[in-house]
Every structure is written in C-alpha cells, then in structure tokens.
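Descriptive analysis of the structure
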Amino acid sequence: MKLWLDGGLQDAASARVSVFDHGLTVGDGIFETVKAVDGRTFALTRHLDRLARSARGLGLPEPDLDEVRRACAAVVEANPMPLGRLRITYTGGHGPLGSDRGDRGPTLVVALGESTRRPDSTAVVTVPWTRNERGALTGLKTTSYAENVVALARAHEHGATEALFPNTAGLLCEGTGSNVFVVLDGEIHTPPLASGCLAGITRELTVEWTGAKETDLPLHVLERADEIFLTSTLRDVQAVHRVDTRELPGAPGPVTAKAMRIFQERAGDDLDP
C-alpha cells in the first residue's frame, strides 16, 4: 500500500508523522473523504473546495490544491481497487504540546482504503448529545472527531450504523458522518446549514438533483416522517428502515427510491459534477 506524505508517495508501513504533529496532539486538522471507483474519484473539485473552506475556517495555511490533486491521482493509481475511501488529511503540522501552533508548516497525508457497497437501507439511533450550531468549528470538516466516535459506538451498541444529533435548539441536525433527509407528504426536507450540520457534498448534490427543501425540523419529526434517508460520500443515498425503536417497513420508500435512482444516474453521467 502506498500513500502520499508531504510531497511524495511512501510505503504505508514505513511512512511516519511526528508525534508532535498538531493534528495528533490537539486535533488541529481537517480532512476530506472522497469516493474512488475503479481508479476514478467522484466530485473531487467540490471536496477540494470544501477542504480549502475548512482550512480558512480553522486558520490553517491555504492548501496547495494542485498538489492535493496530484497526490490523489498518484495514490489512486498506486493502489488499484474497485471501491475505495480516499482520505485527505491536512493538519497544523509539528507544534508545541499545547494549543499554540508551530511554524514548520502543515502536514498533508493522502491515503486510500478499500470499501464495500452499502446496503440499500440501514438502522439509526438518536443520541442525547447535541451539535453546537454556534461553535468555532461549526460547518468545518475537522479531525476533532471524538464526539462522533462516542456517538457511533452508541449506535453500534443498538444494532445501528449511524447516530443522529439534534442541535442546541432541539432541531434535527446531522449524523456522525452523514446528512439526514425526511419525506413529509411526498416532499423531501433536510436541515439547513444554519442548523450546524456539515455542508455534505452528497447532501449538496442531492438537494440540487431532487429539489429537496432546506427546512428547520424538530428532532421528533423522525417519529412521523413517511420516509427517512441518509447521504454521505460512501453511502450515496441510503434509506433508513429503523430509527430508535420505530420501524419504517418497506424502506426504501418510493420517494427515497427515486432519489437513489436519480443520484446513481446523475453521478454516473458526471464524475466531477
């Protein structure tokens, strides 16, 4: 396995990042996950645009997106596989043991891991913790992911693959690594970015391609929605057949099935929409 680390390809077994890297010591970093199918990346331009936005929001130096593109191409070419999770990680680099940043420049890592196609439907749970829609990291895809690790572990304990958060106002927000959509009276709705959710790339495309409405939704909408589905880089559009103890028989329902079909067709027509 080959990965890209600070300027070139290296063997994964011998590649090293400093134990003083700020991404390790204080979670001072950002990342993107890009789908790679048979050696071709999907929606890379949108992912790189978001990487740059996250860097600006975190106060990191502007990433060299041309280098990141070269790194992605080199890693995908060096590691052929049918379906892969391409991970771009960009951190504050070597720094002191505290919140202050060092002056040696950022660290860039691009790596690829094998993935499998997700099932058409899944189970989710809600969790008692909230997303802070007014926090310093709101809307940024950062490596400060421990909150998601805890929530996802809770989901797995209950036989689910995702956990859904409300925000501090009690409104539906997002999953640990996905955006959430609900179907009400035949219309698709998803929380707006003001709810504190991440501006997911698959979310963005789904809104554009299906005409979904961005709507403030109370968390209890999950108790009455006709259909529920998730979106993410590796899920694409995935139906929900159970939320907590509520079963949604027949998932994917007709609206979700149409959204799945539209996404598959549009994504197949344009790999960098």
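Our subject is the structure that appears above.
Below you will find a few notes about this structure. (Residues numbered from 1 in each chain as written. Predicted model: local features only at pLDDT ≥ 70, side-chain atom pairs only at ≥ 80, totals over all residues. Heavy atoms only, no water.)

Quick word on helix α3 (residues 65-78)
Put simply, the rule is: Numbering of helices and strands runs from the N terminus; a helix is a DSSP stretch of H or I covering at least four residues, while a strand is a stretch of E covering at least two. The span expected for a helix works out to 1.5 Å for each residue beyond the first. Relative accessibility under 20% of the residue-type maximum defines a buried residue, over 50% an exposed one, and the middle range a partly exposed one, all with a 1.4 Å probe and only protein chains included. A 3.5 Å cut-off defines polar contacts: any pair of N or O atoms within that distance qualifies, except that in protein one atom must be a possible hydrogen donor and the other a possible acceptor, and neighbouring residues in sequence count only when both atoms are side-chain atoms.
Helix length check: α3 (14 residues) gives 20 Å between terminal C-alpha atoms against 20 Å at 1.5 Å per residue, within 8%. For α3, the complete set of buried residues consists of V68, A71, C72, A74, V75 and V76. Capping the start of α3, D64 holds a side-chain oxygen 3.1 Å from the backbone nitrogen of D66, two or three residues further along.

Remarks on empty space enclosed by the protein
The cut-off we apply is this: With a 1 Å grid spanning the protein atoms alone, the term cavity applies to any set of points in which a 1.4 Å probe fits but cannot get out, the term pocket to an open set with protein on both sides within 12 Å along at least five of seven lines, and the term lining residue to any residue with an atom within 4 Å of a point. Grid points are joined across faces, edges and corners, and a volume is the space filled by probe spheres set on the points. Residue polarity is assigned by list, with Asp, Glu, Lys and Arg as charged and Ala, Val, Leu, Ile, Met, Phe, Trp, Tyr, Cys and Pro as nonpolar; anything else, Gly included, falls into the polar class.
Under the counting rule described, the total for this entry stands at one cavity of 30 Å³ or more. Taken as a whole, the largest cavity holds about 30 Å³ of empty space. Lining of the largest cavity is provided by K35, F42, A43, H47, I201, T202 and T233. Partitioned by chemical class, the residues of the lining of the largest cavity number three nonpolar, three polar and one charged.

Some points on a negative patch on the surface
Definition in use: Patch building starts from residues that exceed 30% relative accessible area and form no salt bridge, then joins like charges within 9 Å and nonpolar side chains (Val, Leu, Ile, Met, Phe, Trp, Tyr) within 5 Å. We get accessible surface area from the Shrake-Rupley algorithm with a probe of 1.4 Å; when it comes to residues, only the shown protein chains can shield them. Salt bridge, as applied in this entry: a Lys or Arg side-chain nitrogen positioned within 4 Å of an Asp or Glu carboxyl oxygen. Counted as positive: Lys and Arg. Counted as negative: Asp and Glu, with His and the chain ends omitted from the count. Lysine's charge is taken at NZ, arginine's at CZ, aspartate's at CG and glutamate's at CD.
On the surface, E265, D269, D270 and D272 cluster together into a patch of negative charge. Locating E265 in the fold gives a position in helix α6 (residues 254-269).

Section: the packing of aromatic side chains
To describe a pair of aromatic rings, one takes the distance between the centres and the angle between the planes. For clarity, the threshold we go by: Side-chain rings of Phe, Tyr and Trp (the six-membered ring for Trp) are treated as a pair once their centres are within 6.5 Å; stacked means planes under 30 degrees apart, edge-to-face means over 60, and tilted covers the remaining angles.
Within this structure, the stated rule accounts for four aromatic pairs. Between the aromatic rings of F31 and Y145, the centroid separation amounts to 5.2 Å while the plane-to-plane angle is 80°, which identifies the pairing as edge-to-face. Within this pair, whereas F31 is found in strand β3 (residues 29-37), its partner Y145 is found in the loop between β7 (121-126) and α4 (146-157), the two being separated by 114 residues in sequence. Relative accessible area serves as the criterion here: at 4%, F31 is assigned to the buried category. For Y145, a relative accessible area of 28% puts it in the partly exposed group. Through successive ring pairs, a cluster of aromatic residues spans F42, W209 and F263.

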